Amino acid sequence: MQHLLSVDDMKENYIFDLWSKAIDQKDNYSNALKNKILTNLFYEPSTRTSSSFYSAMVRQGGSVIPINNVKFSSAIKGESLEDTVMTMATMSDCIVLRHPVTGSVAKAANVSKVPIINAGDGEGEHPTQTLLDGFTIFYNNNEKIDNLRITMIGDLRNGRTVKSLVKLLSRYSGNHFNFVSPKELSFPKESLPKNAFETTKINNVISETDVLYVTRVQTERGSDHKYSLSLEQLNLLPKKSIVMHPLPRVSEIPREFDNDPRAKYFDQMRYGLWCRMVLLKDIIA
Ligand code: NCD
């Protein structure tokens, strides 16, 4: 049984192999997961991640037990996460878990008889978002993810997608990171990669950026800060750069930028479906 709790659980070769299968298969329907059942267990709001797993399962002939609103499940009666996970493990072949407490996916994996996939644990990690984020770079950069100038902006302290993506991109040579945030939302010091430059001003680095990764301020985790990139600032980006965002967006990127060829945040979701289809096949079939 393979749990997927962290980017550390995926070796380099595994990821490249998954991406090449994703390119071949895209979102084509199949029966590869016929008679298999997935539980989507979400203790935090989700639109994209839960629907993406749902679609990835059903497109391959499988079914899903969606527990998206824990208000209506036994958690509200006081049931522990462990008991809920053991329950769902008796009824399904895999559990996709999102939970507000960092480390809860590891607790779940300790008691689960079926694989657990981390769909976001508090401010910890979000490894399947990294699969699709990495894929987006790979797909738009001649199948390479090294020697890039990556600028990450927003809530770098509490956002989990940045932490997982930095783990992946730090594996490859020549990647340089610019971290742009107010001091109180800065990337955790203990995890700072070697080639990192920290600044509070995007204008210091935007014109020297290959990948701009924009994130939302995590108000639900206590962050308080509002920012918006202007069209003027975004137009300082090199012509060949790409702009990513895990979404949801609040005010970070103006809608007028959505049709710019550099904007890849809606493509990311499509790629996420391809990647999750391959992942589920690997883990469950
Ligand atoms: C992200 C998350 O939940 O961490 N959303 C997602 O899964 N695409 C980003 C966020 O909520 O800001």
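Residues numbered from 1 in each chain as written. Predicted model: local features only at pLDDT ≥ 70, side-chain atom pairs only at ≥ 80, totals over all residues. Heavy atoms only, no water.

1. Topic: the overall build of the protein
(1) Moving on: Looking only at helices and strands, the protein has eight helices and nine strands in total.
(2) Moving on: The C-alpha atoms of the protein give a radius of gyration of 19 Å, which matches the 19 Å a tight globule of 285 residues would have.
(3) Moving on: C-alpha extents for the protein along the principal axes are approximately 55 × 40 × 35 Å.
(4) Moving on: Across the 285 residues that make up the protein, the buried fraction comes to 55%.
(5) Moving on: Here the analysis covers contacts within the protein between residues at least 6 apart in sequence; of these, 70% occur between residues at least 24 apart.
(6) Moving on: Summed over its atoms, the accessible surface of the protein is roughly 12900 Å², and 49% of this surface lies on carbon and sulfur atoms.
(7) Moving on: Averaging the positions of the 35 positive and the 32 negative side-chain charges in the protein gives two centres separated by 3 Å. (Helix = DSSP H or I, 4+ residues; strand = E, 2+ residues; numbered from the N terminus. Rg over C-alpha atoms; globule rule 2.2 N^0.38 Å. Buried < 20%, exposed > 50% of the residue type's maximum accessible area, 1.4 Å probe, protein only. Contact = heavy atoms within 4.5 Å. Areas by Shrake-Rupley, 256 points an atom, 1.4 Å probe, with all protein chains shown as cover. Lys, Arg positive; Asp, Glu negative; His and termini not counted. Charge placed at Lys NZ, Arg CZ, Asp CG, Glu CD.)

2. Details of the sheet that holds strand β6 (residues 176–180)
(1) Moving on: Sheet architecture is open: five strands sit in the order β7-β6-β5-β8-β9, paired in parallel fashion. Two strands close off the open sheet at either side, each with one partner strand: β7 (196–199) and β9 (242–244). With strand direction ignored, the average angle separating the axes of adjacent strands in the sheet is 15°.
(2) Moving on: As defined by bridge partners, strand β8 (residues 211–214) adjoins β9 across three bridges and the pair is classed as parallel. Within β9, the residue paired with L212 across the bridge is V243.
(3) Moving on: Contacts from helix α5 (residues 127–140) reach β8 and β9 within the one sheet, and its direction differs from that of β9 by about 170°. (Pairing = 2+ DSSP bridges. Axes fitted to C-alpha atoms, helices over the stretch in contact; angles between N-to-C directions.)

3. Remarks on the packing of aromatic side chains
Each aromatic ring pair is described using two quantities: the centre-to-centre distance and the angle formed by the ring planes.
(1) Moving on: Overall, the coordinates contain 14 aromatic pairs when judged by the stated rule.
(2) Moving on: Aromatic pair F135 and W274: ring centres 5.9 Å apart, planes at 80°, arrangement edge-to-face. Of this pair, F135 sits in helix α5 while W274 sits in helix α8 (residues 265–284), and the two are 139 residues apart along the sequence.
(3) Moving on: Relative accessible area serves as the criterion here: at 0%, F135 is assigned to the buried category. (Phe/Tyr/Trp six-rings, centres within 6.5 Å; stacked < 30°, edge-to-face > 60°.)

4. A word on the sheet that holds strand β2 (residues 63–67)
(1) Moving on: Across the sheet, which stays open at both edges, the four strands sit in the order β2-β1-β3-β4 with parallel pairing between neighbours. Because the sheet does not close on itself, it has two edges, and the strands there are β2 and β4 (116–121). Put simply, the sheet's adjacent strands are angled 15° from each other on average, direction ignored.
(2) Moving on: Bridge analysis of strand β3 (residues 94–99) against β4 gives four bridges, and the strand direction is parallel. Residue pairing in the sheet places V96 in a bridge with I117 of β4.

5. Some points on the site of the ligand
(1) Moving on: All residues in the neighbourhood of the ligand are listed as T49, R98, H126, Q129, R160, T161, R216, Q218, P246, L247 and P248.
(2) Moving on: Between the ligand and the protein, one listed contact pairs a nitrogen atom with a side-chain N or O atom of Q129 at 3.2 Å.
(3) Moving on: For the ligand, an oxygen atom lies 2.9 Å from a polar atom in the side chain of Q218.
(4) Moving on: Protein coverage of the free-state accessible area of the ligand, which is 320 Å², stands at 94%.
(5) Moving on: Residue composition of the shell around the ligand, grouped by class: three nonpolar, five polar and three charged. (Near = heavy atom within 4 Å. Polar contact = N/O pair within 3.5 Å; in protein donor to acceptor, adjacent residues only side chain to side chain. Nonpolar A, V, L, I, M, F, W, Y, C, P; charged D, E, K, R; others polar.)

6. Points about the domain arrangement of the protein
Note: interface size is frequently given as the accessible area lost on complex formation between the parts.
(1) Moving on: By the assigned domains, the protein splits into domain 1 (7–125 + 273–284) and domain 2 (141–263).
(2) Moving on: Placing a centre on the C-alpha atoms of domain 1 and another on those of domain 2 gives a separation of 26 Å.
(3) Moving on: Counting from both sides, the interface comprises 20 residues of domain 1 and, opposite them, 14 residues of domain 2.
(4) Moving on: Carbon and sulfur atoms make up 49% of the area that domain 1 and domain 2 hide from each other, which totals about 1400 Å². (Domains from an automatic or database assignment. Buried area = accessible area lost by both parts, 1.4 Å probe.)

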